[in-house]
Amino acid sequence: MSLTRTLLDVRPLRTSPVFRRLLIGRTVSVLGSFMTMVTVMYQVWEMTHSAAWSGAVGLAQALPMVCFGLFAGAWADRGDRRRIYLGATVGQAVCSLLLAVQGFTGHVPVAGVLALVAAQSACAAVGAPAAGVFVPRLLPKEQVAAGLALNQVTGQAMMLVGPALGGLLLGWFGIGVCYLIDALSFLLSFYGAFGLPALPPEGEPSRAGLHGVLDGLRFMAGHRVVRGALATDLAATVLSMPTSLFPLVNEERFGGDPRTLGLFLSALAVGGVLASALSGAVTHRGRPGLVMLWGAGAWGAALAAFGLTSSPWAGLGLLVLAGAADALSVLSRTTIVQTRTPDALLGRVTAAETIVGQAGPHLGNVRAGLVAGATSGATALVVGGLLCLLAVFHVGASTPELRDGAPAPEEH
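The rules behind these values
- Residues numbered from 1 in each chain as written.
- Predicted model: local features only at pLDDT ≥ 70, side-chain atom pairs only at ≥ 80, totals over all residues.
- Heavy atoms only, no water.
- UniProt positions renumbered as here; feature names shortened; annotations may be inferred.
- Domains from an automatic or database assignment.
- Buried area = accessible area lost by both parts, 1.4 Å probe.
- Salt bridge = Lys/Arg side-chain N within 4 Å of Asp/Glu carboxyl O.
- Polar contact = N/O pair within 3.5 Å; in protein donor to acceptor, adjacent residues only side chain to side chain.
- Nonpolar A, V, L, I, M, F, W, Y, C, P; charged D, E, K, R; others polar.
- Helix = DSSP H or I, 4+ residues; strand = E, 2+ residues; numbered from the N terminus.
- Expected span 1.5 Å × (residues − 1).
- Buried < 20%, exposed > 50% of the residue type's maximum accessible area, 1.4 Å probe, protein only.
- Contact = heavy atoms within 4.5 Å.

The protein chain has the name MFS family permease in an unreviewed UniProt entry, where Streptomyces griseomycini is given as its organism. Per UniProt, the comment on the protein chain under Subcellular location (unreviewed entry) is "Cell inner membrane".

Right under this line is the structure:
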């Protein structure tokens, strides 16, 4: 395969000015969001010096997504997705602006800060299902995977840059300025989406309320390929999420050096960026199911091996491999969801995928902590990685459509 077909496929940037503008706005907004994440964690710690309150930040971010996500998906499948996304973007910007005001004044209690974080997460929960239809509606089918890869590589690059930049700006200018920059970043996101055409659902609109939610759940339960894709993601996150174990493993194996601990998280992100940058070979092949299964299996195997190693360099190499495998698995899963789901259901399925992506890692970290408390950090890593491997093998064995790329019998 030629080098150009191995590197990130940039055809969507050349063929779709609307997608290009949307990607630029999304990238800047994601950068601001990661800066805000660091700023909130810093502010809450400075206000309370409490690990419990710091943990509540993650809860404030995840709960609205879980509680409102499926209903937001049903709403997105009833109306103009462009208008819904623009409204949600305005809501997120207003929340960031209010965070900036309290950051400058310093008179809001910690519960008020978390309430604003939760409100912003609720707005994001509304916007995510609407945004889930943009790529398959804007790009031809053969470029959808490439468009998703561009979204992924820019998002992971911002995950590397955003926290570091947020830390620098916190030190130089303080809390209020960081929140204000995030609020301004939503202007570009709004501009990127403003030029979109109207995007009502194609096909029968969702029924209102709980009926629409249940219709979406029935589709996901009955569609073997989509169900297998979501089950694979749950296996990778709930059964083998490693991040809560890093401090303990660092203490057990590597002397507790904080520099090593920081490199653990960076190694996962570096692997993800590298794999996304070289994703052309994957997006051109058109076999996302097989890539997803191999990627999720390699993620579990690499983490199990990381639990066994005593060499910091070997450990970092395994985490780079795990991050790369996870990036390819996530890209392939998203491609499956967005190309196998009818447009009229895509908001609800995207919402479910977002919930899995939000709740799965949190549950996985809880599972890892409980197993490590009863055994050790290394044991929790090994057991989790092996369980992930077994679960992925079961999904692959029971869903041949994922392995061979053939359409599932119940697809519509």
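Anyway, onward from the coordinates.
S.K.: Residue-level account of the domain arrangement of the protein chain, with values.
M.R.: In terms of domain boundaries, the protein chain breaks down into domain 1 (13-203) and domain 2 (207-406). Of note, the centres of domain 1 and domain 2, computed from C-alpha atoms alone, are 22 Å apart. Taken together, both faces of the contact between domain 1 and domain 2 bury some 2,800 Å²; the carbon and sulfur share is 71%. Linking domain 1 to domain 2 there are three salt bridges. Inspection of the domain 1/domain 2 interface yields twelve residue pairs in polar contact (both at pLDDT 80 or more). Across the side of domain 1 that touches domain 2, the residue classes tally to 23 nonpolar, eight polar and six charged.

S.K.: Describe helix α3 (residues 17-48), listing the residues and the values that go with them.
M.R.: For the α-helix, the turn length of 3.6 residues means that residues three or four positions removed from each other point alike. Taking 1.5 Å per residue, 32 residues should reach 46 Å; α3 reaches 47 Å between its end C-alpha atoms and fits that length. Positive phi appears at His-49, one or two residues downstream of α3, with a value of about 50°.

S.K.: So what's going on with the side chain of Gln-156? Which residues, and what values?
M.R.: Along the chain, the position of Gln-156 falls in helix α8 (residues 144-173). According to the relative accessible area criterion, Gln-156 is buried, its value standing at 15%. Apart from residues lying up to four places away in sequence, Gln-156 is in contact with Gly-272, Val-273, Ser-276 and Ala-327.

S.K.: Give me the lowdown on the environment of Leu-321, citing residues and values where you can.
M.R.: Among the secondary structure elements, Leu-321 is positioned in helix α16 (residues 312-340). Between the alpha carbons of Leu-321 and Gly-272 there is a distance of 8.5 Å; along the sequence they are 49 residues apart.

S.K.: Before we move on, can you summarise the UniProt feature "transmembrane region" (unreviewed entry) in the protein chain with the specific residues and values?
M.R.: Per the UniProt entry, the sites bearing "transmembrane region" (unreviewed entry) are residues 21-45, 51-72, 84-104, 110-136, 148-173, 261-282, 289-307 and 370-393 in this numbering. In this annotation, residues 289-307 is assigned 100% helix and 0% strand; the end-to-end C-alpha distance for the span is 28 Å. Taken end to end, residues 370-393 is 92% helix and 0% strand, and its first and last C-alpha atoms sit 25 Å apart.

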